[in-house]
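Here is how the chains run, residue by residue.
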Amino acid sequence: MEREAMEYDVVVVGGGPSGLAAAIRLKQLAAENAREVTVCVLEKGSEVGAHIMSGAIIDPRALNELIPDWQAKDAPIHTPVTEDRFMLFTADKAYRIPNWSLPRLMSNHGMYIVSLGNVCRWLGQQAEALGVEIYPGFPAAEVLYDERGAVRGVATGDMGVARDGSHKGEYQPGMELHAKYTLFAEGCRGSLSQELMARFNLRDGVDPQKYGIGIKELWEVAPGKHQKGLVLHSQGWPLDSRTGGGSFLYHLDDNLVSVGFVIHLNYENPHLSPYDEFQRFKTHPEIRGTFEGGKRLAYGARAINEGGLQSVPKLAFPGGALIGCSAGFVNLPRIKGSHNAMKTGMLGAEAAFAALQANRAHDELASYPEAFRGSWVYEDLYKVRNVKPGLGWGMWAGMIHGGIHMWLNDLGLGALVPWTLRHDRPDNASLKPAAGMPKIDYPKYDGVITFDKLSSVFLSNTNHEENQPVHLQLRDAAVPVNVNLKLYDGPEQRYCPAGVYEFVAAEEGGGRRLQINAQNCVHCKTCDIKDPGQNIHWVPPEGGGGPNYPGM
Ligand SMILES: Cc1cc2nc3c(=O)[nH]c(=O)nc-3n(C[C@H](O)[C@H](O)[C@H](O)COP(=O)(O)OP(=O)(O)OC[C@H]3O[C@@H](n4cnc5c(N)ncnc54)[C@H](O)[C@@H]3O)c2cc1C
Ligand code: SF4
């Protein structure tokens, strides 16, 4: 069947903060210059916001520039941070680090606690009001190239394909969306963005991207335990000093508390389970009380970029550009990326608009990387560039080194630390053989504060059409058993926060085989990142599949 095609000036892949900011900026510029510009946003979630999983404390800097009257336009941003606590945990004690000793750039004064999913829903409405066409439930599954090799758009995935590849009665071929410029805003570890980085050698000369996995729950707590605007971050227990990561706990309004844990994906011990570390964290005497008598409302997980400036790839290529976390602009010590995602979306849009004004198409938007280098996003990342590499020396050395580095930058003495430390290897190369690493005995779930994976996935409202090709593709079907199970005791069983991977008894020949419960996948992308041999290839499933996060 022939695919239908639609023509746009700009197609944006992904309806997160970066994609929506880009679409809005394009339409604003079009209006200011009295020019018609057609813009379409494709979003793989069933609605805008359905796949957004974040903390989130937002720095409103980019939003102030994009929509200065966001308060008058009733943006769902109502909870300013009122108290900022940074703690160090041992198994039974918590020590507060005085705020005066923390670098100023770590302060959350002037920031807001939000549901980033709800902010995106609102941004989607602002975009549509300006004439942007948004198509939720439509993943971009394929990049289209012209005869010269430039990107000329994307195609959405086919609908109605059975697990064995045959066409079901309701089969619908994907649509082609042709564009003069295509902006990729897929977020962390975007599948098409990975393809583009390889095809256009965008990672040549930059460090490997580094990642963390963030796991989060949304709770309604007892009113007496709620303190609107309170922010708490911790480091230390339950992680050992060789494993990087930490917790976040944010009190929104209406007795809602967002609690989560990020574990850096360069961890070494294959017995580690990020999910269980998070469950264990909630039982700490400093934390447990907040949730007793409360109700868990939602659960989710998502990878986060941690490489910072050294890992930012080349941003533009013929016919398109990477914006937001597709490229990776998260400021790790601040655990904030949404402001940089939005601002780079705006910069990408400005470059695309200037090119349209000059009647160009399908060439390289060279002014976008240039604008990035001159922007406050670059400055934001430059000041903290050595924090993440220093964490490789262990928690204490890393914290002290990072603290000194950030303090000097705060004081305008950044010139005293002019060097840039490098990231030496990708996160899939960090696991050590299971036989030489300590086993971790995780406590049983109590069903009150801690829960099993399946009841958690239930709260993510994840749904996939079951009779479709598995979207977690194995490059070599023998590797999970012959390498991963044998050498690393099957780490995919533990790092997947949704119980997708299980080693079960093989039907034939004894032994075990990998069972992939793809319908549970919450699209966090951790398997695509952490599989030791890069044997798992995450591709978008049929449109609308995946989590349906309410207010995450
Ligand atoms: C646990 C955690 C906590 C965080 N806390 C904070 C915080 O407190 N403050 C902060 O500022 N930042 C925080 N971040 C980072 C922040 O969430 C990201 O920087 C931000 O969401 C990036 O925006 P984005 O638009 O680039 O990507 P995303 O927000 O990931 O959005 C990408 C969108 O594109 C869609 N998509 C992806 N691929 C396709 C495709 N092929 N076709 C169609 N649609 C597609 C996705 O479904 C999604 O809706 C946190 C992240 C995590 C994981
Ligand atoms: S299968 Fe992969 S992408 Fe899906 S939830 Fe598990 S680790 Fe995340």
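Everything that follows concerns the structure shown earlier in this document.
A quick note: this is a predicted structure, and the numbers were derived from the prediction, not measured. (Residues numbered from 1 in each chain as written. Chains lettered and ligands numbered in written order. Predicted model: local features only at pLDDT ≥ 70, side-chain atom pairs only at ≥ 80, totals over all residues. Heavy atoms only, no water.)

> Can you help me understand helix α1 (residues 17-32) in this one?
Owing to its 3.6 residues per turn, the α-helix aligns residues three or four sequence positions apart on the same side. Between its terminal C-alpha atoms α1 stretches 22 Å, which fits the 22 Å expected from 16 residues at 1.5 Å a residue. The positive-phi residue at the C-terminal boundary of α1 is Ala-34, with phi of around 50 degrees. (Helix = DSSP H or I, 4+ residues; strand = E, 2+ residues; numbered from the N terminus. Expected span 1.5 Å × (residues − 1).)

> Sorry if this is basic, but what is going on with the side chain of Asn-340 here?
Its place among the elements puts Asn-340 in helix α7 (residues 338-357). A relative accessible area of 0% means that Asn-340 is categorised as buried. Not counting the four nearest positions on each side in its chain, Asn-340 is found in contact with Phe-329, Trp-376, Val-377, Asp-380 and Leu-381. (Buried < 20%, exposed > 50% of the residue type's maximum accessible area, 1.4 Å probe, protein only. Contact = heavy atoms within 4.5 Å.)

> Which parts of the structure should I look at to understand a nonpolar patch on the surface?
A grouping of Leu-411, Leu-413 and Leu-416 is seen on the molecular surface, where their side chains present a nonpolar patch of about 290 Å² in accessible area. Take Leu-411: it is sitting in the loop between α11 (395-410) and α12 (453-458). With relative accessibility at 51%, the residue Leu-411 sits in the exposed group. (Patch = residues over 30% accessible without salt bridge, like charges linked within 9 Å, V, L, I, M, F, W, Y side chains within 5 Å. Areas by Shrake-Rupley, 256 points an atom, 1.4 Å probe, with all protein chains shown as cover. Salt bridge = Lys/Arg side-chain N within 4 Å of Asp/Glu carboxyl O.)

> What should I look at first to understand the site of ligand 2 in this one?
Among the 13 residues in the neighbourhood of ligand 2, the closest are listed as Cys-496, Cys-521, Cys-524, Lys-525 and Cys-527. Of the residues belonging to the shell around ligand 2, the class tally is 11 nonpolar, one polar and one charged. (Near = heavy atom within 4 Å. Nonpolar A, V, L, I, M, F, W, Y, C, P; charged D, E, K, R; others polar.)

> How should the packing of aromatic side chains be read in this particular structure?
Evaluation of the coordinates by the stated rule reveals 15 aromatic pairs. With a centroid separation of 4.8 Å and 50 degrees between ring planes, the pair formed by Trp-219 and Phe-291 is classed as tilted. Taken together, the positions of Trp-219 in strand β14 (residues 211-220) and Phe-291 in helix α6 (residues 285-291) put the pair 72 residues apart, joining distant regions of the chain. For the pair shown, Trp-219 and Phe-291 are each scored as buried. One aromatic cluster is present, formed by Tyr-145, Phe-184, Phe-200 and Phe-317 through successive ring pairs. Taking NZ or CZ as reference, Arg-385 lies 3.9 Å from the ring centre of Tyr-382, over its face. (Phe/Tyr/Trp six-rings, centres within 6.5 Å; stacked < 30°, edge-to-face > 60°. Lys NZ or Arg CZ within 6 Å of the ring centre and 35° of its normal.)

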